[in-house]
Amino acid sequence: MANHRIFEDAISRLDSAANIAKIDPEALVKLKCPKSVLEVNIPVRMDDGALKIFTGYRIRHDDTRGPTKGGIRYHPHLSVDEVKALAFWMTFKSAVVGIPFGGSKGGIIVEPKSLSHLELERLSRGYITQIADFIGPNTDISAPDINTNEMIMGWMMTEYSKIVRQYTPGVITGKPIPLGGSEGRKDATGRGVYYCIKEYQKISKLKNKDPKEISVVIQGFGNVGESVAKSLFNDGFKIVAISDAQGGIYNKNGLNIEAMIKKKNRSLDSKSVYASTCIKEMVSGDDVTNEELLALDADILIPAAKENQITENNANKIKASLIVEAANGPITCAGDVILNQAGKIIMPDILVNAGGVIVSYLEWVQNRTGFYWSPKEVDEKLKYMMLLAFDKVINTMNVNNTDMRTAAYTCALFKFSEAVVANGTQQYFHE
Ligand code: NAD
């Protein structure tokens with residue numbers, strides 16, 4: 001599905017939650033348009049000597065609750081509308097888990113796999129040069145997203161530090177650990193998804209099931225898909241299918257995720273950012289397309305790749321009773337309606353994939369204090385914050401008798417509205 005309506009689709013989810021949260025109308029007005037939209041053209045000297053221009057964006061959605069925070073995506077089909085929607089979701093994600101950040105997002109229109117290693121580095125550093133005046137540890141903080149990783153975050157942090165003539169690790173998170181990264185950041189999003197699934201299991205019909213009887217299908221085997229697969233696999237869950245952009249593999253007896261991760265890592269030599277192998281070459285089983293994978297019969301479906309994967313065109317084919325949005329925006333509004341009518345439970349992106357931004361926050365705190373925590377300390381803090389938010393959302397859902405997405409938006413709106421009201425609203429100035 002094309003991405004042209006993605007921002008409109010994203011904000012349309014606000015109104016139903018706003019009715020329940022009864023927030024100040026000014027808070028709602030503020031949330032419906034981004035604070036700033038920056039477009040930059042980045043000149044890059046290619047290996048053959050030619051100069052090529054790449055277009056990039058940095059969009060800050062809202063900073064009422066703190067500096068804006070959001071990842072950087074490299075993709076050939078990236079659009080302004082998509083970046084706006086992703087920035088909007090970041091504002092809500094930070095609010096729902098109660099961390100003092102607003103939302104932003106950025107990216108470059110590029111097929112990064114077509115670049116050499118040095119071209120990729122020049123492009124990444126060039127992007128920071130262009131946006132340096134608009135970012136900073138107290139203004140706007142970046143992180144990895146699709147097709148960007150810790151090595152790229154490291155280049156970006158050193159470039160920013162060079163520009164401002166000060167070591168500034170807090171400008172970007174998801175860095176390599178020797179450059180001020182946090183323990184546990186790489187797996188944080190997946191761990192957070194895993195903690196939510198385990199918590200939900202306690203109150204669902206999966207309650208008394210042994211993990212090995214619970215079948216799981218995962219779309220996407222990148223940072224998020226891999227880390228959620230690893231956590232579930234290590235806990236004994238049966239992952240029957242997994243895919244990447246090239247398609248997926250299905251095995252009704254379960255896939256050996258650990259062996260697949262080893263194969264994937266082996267295809268990454270010390271200089272590579274992207275794996276040179278695909279899922280179909282890593283493991284044997286039945287080939288499935290991504291479309292077929294979404295419709296497989298399983299207990300849990302985890303879209304962990306891209307937005308707009310479940311729409312009005314395929315929502316009625318989904319068989320899993322629990323859908324966990326590890327990716328941002330994998331279900332459109334129209335898809336949501338069909339799934340809700342069919343009685344499916346959807347664990348919403350702004351809650352379940354917030355583990356990444358939580359550990360990014362912890363990384364930022366560690367960078368600012370210069371005091372670093374162990375993997376165990378980071379994981380404990382992540383779990384605590386995830387489950388606190390999860391319980392709040394479930395409670396709000398039960399009190400208002402809504403679906404989980406509306407409850408998550410309601411919780412986030414409450415948090416956001418508190419900050420808007422604290423600043424003074426029209427009502428305050430007229431009294
Ligand atoms: P990534 O680039 O590491 O991995 C993306 C994966 O999706 C790859 O396996 C790729 O082959 C696959 N893919 C791409 N297009 C596909 C398609 N059309 N069908 C099936 N698979 C496809 O990216 P990531 O960081 O894992 O991000 C995945 C999703 O999670 C995105 O929606 C991102 O915004 C979201 N997210 C990421 C983080 C994070 O910390 N990285 C945090 C929260 C949310």
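Quick caveat: nothing in here was measured; it's all calculated off a predicted structure.

1. Describing the overall build of the protein
Of the regular secondary structure elements, the protein holds 17 helices and 13 strands. Over its C-alpha trace the protein gives a radius of gyration of 21 Å, about what one expects of a compact globule, namely 22 Å for 431 residues. Projected onto the principal axes, the alpha-carbon positions of the protein cover approximately 65 × 55 × 40 Å. Within the protein, the fraction of its 431 residues that count as buried is 58%. Counting only contacts in the protein whose residues sit at least 6 apart along the sequence, the fraction spanning at least 24 positions is 70%. As displayed, the protein has an accessible area near 18000 Å², and 51% of this comes from carbon and sulfur atoms. Of the side-chain charges in the protein, 51 are positive and 50 negative, and the distance between the mean point of each set is 3 Å.

2. Looking at the state of the cysteines
Inspection of every chain in the model, using the stated rule, returns 0 disulfides. Between Cys 33, a cysteine without a disulfide, and Cys 333, which holds the nearest cysteine sulfur, the sulfur-to-sulfur distance is 18 Å. According to the relative accessible area criterion, Cys 33 is partly exposed, its value standing at 46%. The cysteine Cys 411 is free of any disulfide, with Cys 196 supplying the nearest cysteine sulfur at 13 Å.

3. Thoughts on the site of the ligand
As a matter of local geometry, the ligand sits amid 23 residues, with Asp 145, Asn 147, Asn 223, Val 224 and Asn 328 nearest to it. In the environment of the ligand, an oxygen atom lies 2.8 Å from a nitrogen or oxygen atom belonging to the backbone of Asn 147. At 2.9 Å from an oxygen atom of the ligand is found a main-chain nitrogen or oxygen belonging to Asn 223. Coverage of the ligand by the protein amounts to 85% of the 830 Å² it exposes when considered alone. Looking at the shell around the ligand residue by residue, the class counts come to 9 nonpolar, 9 polar and 5 charged.

4. A word on the sheet that holds strand E12 (residues 322–324)
In spatial order, the strands read E10-E9-E8-E7-E11-E12-E13; together these 7 strands make up an open sheet with mixed pairing. Each edge of the open sheet is held by one strand with a lone partner, namely strand E10 (286–288) and strand E13 (345–347). For this sheet, the mean angle separating the axes of adjacent strands, direction not counted, is 20 degrees. Sheet analysis places E12 next to E13, joined by 3 bridges and oriented parallel. Looking at E13, one finds that Ile 323 is bridged to Ile 346.

5. Section: the domain arrangement of the protein
How big an interface is tends to be reported as the loss of accessible area on association of its parts. Domains assigned within the protein are domain 1 (36–171) and domain 2 (188–347). Computed from C-alpha coordinates alone, the two centres of domain 1 and domain 2 are separated by 27 Å. Of the roughly 1000 Å² buried between domain 1 and domain 2 on both sides combined, carbon and sulfur atoms contribute 58%. For the pair domain 1 and domain 2, the interface holds 1 salt bridge. Note that Glu 307 is salt-bridged to Arg 73, the shortest N-O span being 3.0 Å. In this structure, the connection of domain 1 to domain 2 is made through 2 residue pairs in polar contact (both at pLDDT 80 or more). Those elements giving two or more residues to the side of domain 1 that touches domain 2 turn out to be strand E4 (72–75), helix H4 (80–96), helix H5 (117–131) and helix H6 (150–164).

6. What about the side chain of Asp 336?
Structurally, Asp 336 is set in helix H12 (residues 333–341). One polar contact links Asp 336 to Arg 405, side chain to side chain, over a distance of 2.7 Å. The residues touching Asp 336, leaving out its near neighbours within four places in the chain, are Arg 13, Ile 331, Ile 346 and Arg 405.

7. Some remarks on H4
Counted at 1.5 Å a residue, the expected span for H4 with its 17 residues is 24 Å, and the 25 Å between its end C-alpha atoms agrees. Gly 98 lies just past H4 and shows a positive phi near 70 degrees.

8. A closer look at the nonpolar core
One finds Ile 300 and Ile 302 to be the most contacted residues of the largest nonpolar core, which totals 88 residues. In terms of residue count, helix H15 (residues 375–400) provides more of this core than any other element does, 10 residues in total. Taken domain by domain, this core gets at least three of its residues from each of domain 1 (36–171) and domain 2 (188–347). In this structure, Tyr 74, Ile 135, Ile 152 and Ile 172 belong to the second largest nonpolar core, which totals 28 residues.

9. As for the packing of aromatic side chains
One pass over the full model with this rule turns up 7 aromatic pairs. With a centroid separation of 5.1 Å and an interplanar angle of 45 degrees, the aromatic rings of Phe 92 and Tyr 409 are classed as tilted. Here Phe 92, found in helix H4, pairs with Tyr 409, found in helix H16 (residues 404–422); they are 317 residues apart in sequence, far enough to count as distant. By the ring-pair criterion, three or more aromatic residues cluster together here, those being Phe 7, Phe 88, Phe 92 and Tyr 409. A cation over a ring is seen here: Lys 264 above Phe 221, with NZ or CZ 4.9 Å from the ring centre. Against the face of Trp 373 rests Lys 381, its NZ or CZ located 4.4 Å from the ring centre.

Analysis parameters
- Residues numbered from 1 in each chain as written.
- Predicted model: local features only at pLDDT ≥ 70, side-chain atom pairs only at ≥ 80, totals over all residues.
- Heavy atoms only, no water.
- Helix = DSSP H or I, 4+ residues; strand = E, 2+ residues; numbered from the N terminus.
- Rg over C-alpha atoms; globule rule 2.2 N^0.38 Å.
- Buried < 20%, exposed > 50% of the residue type's maximum accessible area, 1.4 Å probe, protein only.
- Contact = heavy atoms within 4.5 Å.
- Areas by Shrake-Rupley, 256 points an atom, 1.4 Å probe, with all protein chains shown as cover.
- Lys, Arg positive; Asp, Glu negative; His and termini not counted.
- Charge placed at Lys NZ, Arg CZ, Asp CG, Glu CD.
- Disulfide = S-S within 2.5 Å.
- Near = heavy atom within 4 Å.
- Polar contact = N/O pair within 3.5 Å; in protein donor to acceptor, adjacent residues only side chain to side chain.
- Nonpolar A, V, L, I, M, F, W, Y, C, P; charged D, E, K, R; others polar.
- Pairing = 2+ DSSP bridges.
- Axes fitted to C-alpha atoms, helices over the stretch in contact; angles between N-to-C directions.
- Domains from an automatic or database assignment.
- Buried area = accessible area lost by both parts, 1.4 Å probe.
- Salt bridge = Lys/Arg side-chain N within 4 Å of Asp/Glu carboxyl O.
- Expected span 1.5 Å × (residues − 1).
- Core = buried A, V, L, I, M, F, W, Y, C linked by side-chain atoms within 4.5 Å.
- Phe/Tyr/Trp six-rings, centres within 6.5 Å; stacked < 30°, edge-to-face > 60°.
- Lys NZ or Arg CZ within 6 Å of the ring centre and 35° of its normal.

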